[in-house]
Structures are given as structure tokens and as C-alpha cells.
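# Inside the fold
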Amino acid sequence: MRTLDSSTSLRIAIQKSGRLTDKTISLLEGIGLKFDDYKRSLLVKCRNFDVELLLIRDDDIPEYVEDGVCDLGFVGANTVAEDQADVKILRGLDYGVCRLALAVPKNGSIKTTGDFEGKKIATSYPVLTRNYFEDKGVKNVSIVTLSGSVEIAPRLQIADAISDLVSTGGTLKANGLVELDKIFDSETQLVQTNKPLSEGKQALIDKMLQRIEGHKTAAESRYIMMNAPEAAVPKIKDLLPSMKSPTVMPLADDGMVAVHTVIPIDTFWEVMEKLKAAGASDIVMLPIESMIV
């Protein structure tokens, strides 16, 4: 295992356990970082990169990054915004996607934002929730701060409504609640401390960002191979939403070529039908593990 150099090694905070942990580890492994069993320790060193992971409560991550205890952190945007953390947001990561939503009892009297005057709202996100009502001009609301099981608050008559994270809405439905409005969109973010960093650390961060971008692009793309008459190549090139010009190679049969390229996965089926109509055959789609663009 490498010996970490404090002037160049990075300490990265991630959630100790929860909905973001496994996906964050999967991302780090996907960009080439190798770790021992992260479930058995709070501080885990990378075997092939000058990185160590600090596994802590997600609520603590913004503070650790802000104070410079950790150089980077993987954390929900909702947590960063709620803490009003002084950190640099490097990029969103397209997982852990959810929203902070305002929900009310299905058959209750609250139908619009104005109906919240004089009401109690239970939430684990008092800052974002109060900011929402201030923006809407509703000032006479009481915020009841709870650390968990927010959705049951109206049934216990602790509050008239709730503000809570929602992914599918199943928990709201199970508790007789309906979503009235969205307060905040969230996803996992990679954040960086605003404390001064050495050139070595910044270089390592830049390298990680390049790898993350390549990993994301690869996940959203597919490698496409096909055979086609040489005369059909101009039309096929016009149909391909590829990043660059496709590779065209002659086949053993006269007048036939192989065409290789990379396209976004969300366009594959529509493009495939058009390619076939243009004369392409033997179309093969392959996943891409990673790529640098």
C-alpha cells in the first residue's frame, strides 16, 4: 500500500452508510481507485492512488469539507444547501436524485401555499423549508424540526404538513400524504474545500475530475459496429450522432465496409432503425467501461 504524502494526498469524505455510499464507492472504483473493505473502517486508504476515504455521517460532510478536514466530499445537494456550507461545488453526479417536497394529508384542508398561514410543518430541513415560505410570502408558519420519521408527523398531530425528501413518492402515499409543491431538487455533488490546497492536491483533483467525466460519458454511450455498402457511408455518417467522424474499414467483400463509432445510448434504437433503412446490417452495440474525451 502507498504511503500517503500530506502535501499531495487527498482526504475525501463520503457517507458512512446510506443510499449514497455504495454508489459513491462504485463511482470511485469505476475511475480506477482500489480500496480494501470500506465497511470495516472509518478511514480507508486507496491502494493505488494518493487518496484516503473518511466515512462519516452525511450531515457532517459539508462541515468537514468547509473546515478543510477533508479536501473533497461526496454529499447530497440538499445537505450542502441546508447547511449553507462554504464549499466549492465541482459537479453534480446524477445519482442520489431526489427532491425536497411539501406534502399534506390527502383529504386535508390545505390545498394551496396560502393555506399554510398559521400551520405547523414538520421537517429535517428547516432552513430550506423556511426559505421556501419566505419566498412565497407566507410568514406565519411554525417549523417543527425532526431528525427522522417526518412522514408520520401529521398522523401524530405533531404538524399539519411535512417537508421531506421524496424519490418515488411511495412513502408519502403509504402515510396518506400527497405532494403539494417542490422545494428543492437534489442529487449527489462532489464538493471541494475553499481552504488553500497544494499544487499536488489540485493536480490530483483535476485528474479525478477528468476520470469522472470520462466514466459518466462512457455510462451514457455505446460503441456501435455495423457493416454497410460503401456507397451508403455518406448517408450513414449523416445519421450518426457521434462525437467525431466514425471509423470506416474495408471488408473482404468488394464494396462493403465496417463502420465503428460511439453514440449516446438514448438515441440508439431510433438511430438503429434509420441505419438499417440506409443499408446497414449486422449492427452490434457494446457497453463502454470508461473513456477520455
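Check the entry above for the structure.
Anyway, here's the lowdown on the structure attached to this text. (Residues numbered from 1 in each chain as written. Predicted model: local features only at pLDDT ≥ 70, side-chain atom pairs only at ≥ 80, totals over all residues. Heavy atoms only, no water.)

We now examine helix α1 (residues 21-30). Within α1 the residues assigned to the buried category are Thr21, Thr24, Ile25, Leu27 and Leu28. Down the axis of α1, the sector holding all buried residues measures 155 degrees, keeping them to one side. Looking at the buried positions of α1, the neighbouring elements they touch are β1 (10-15), β3 (51-56), β4 (72-76) and α6 (199-219). Where α1 ends, the next residue or the one after it, Gly32, has phi of about 100 degrees, a positive value. (Buried < 20%, exposed > 50% of the residue type's maximum accessible area, 1.4 Å probe, protein only. Helix = DSSP H or I, 4+ residues; strand = E, 2+ residues; numbered from the N terminus. Arc of directions from axis to C-beta. Contact = heavy atoms within 4.5 Å.)

Looking now at a nonpolar patch on the surface. A cluster of nonpolar residues, Ile152, Leu156 and Ile158, forms a patch on the protein surface that exposes about 230 Å² of accessible area. On the secondary structure map, Ile158 appears in the loop between β8 (142-145) and β9 (161-166). (Patch = residues over 30% accessible without salt bridge, like charges linked within 9 Å, V, L, I, M, F, W, Y side chains within 5 Å. Areas by Shrake-Rupley, 256 points an atom, 1.4 Å probe, with all protein chains shown as cover. Salt bridge = Lys/Arg side-chain N within 4 Å of Asp/Glu carboxyl O.)

What follows is about unusual backbone geometry. The phi dihedral of Asp94 falls on the positive side, at around 65 degrees, and the residue is not glycine. Topologically, Asp94 is positioned in the loop between β5 (87-92) and β6 (98-105). The class for Asp94 is partly exposed, based on a relative accessible area of 47%.

Spatial ordering of the open sheet is given by β8-β7-β9-β6-β10, a layout of 5 strands whose pairing is mixed. At either end of the open sheet lies a strand with only one pairing partner, and these are β8 and β10 (177-186). In this sheet, neighbouring strand axes are inclined to one another by 25 degrees on average, regardless of whether the strands run parallel or antiparallel. Here β6 runs beside β9; their pairing, made up of 5 bridges, is antiparallel. The residue bridging Ala101 from the neighbouring strand is Asp164, located in β9. (Pairing = 2+ DSSP bridges. Axes fitted to C-alpha atoms, helices over the stretch in contact; angles between N-to-C directions.)

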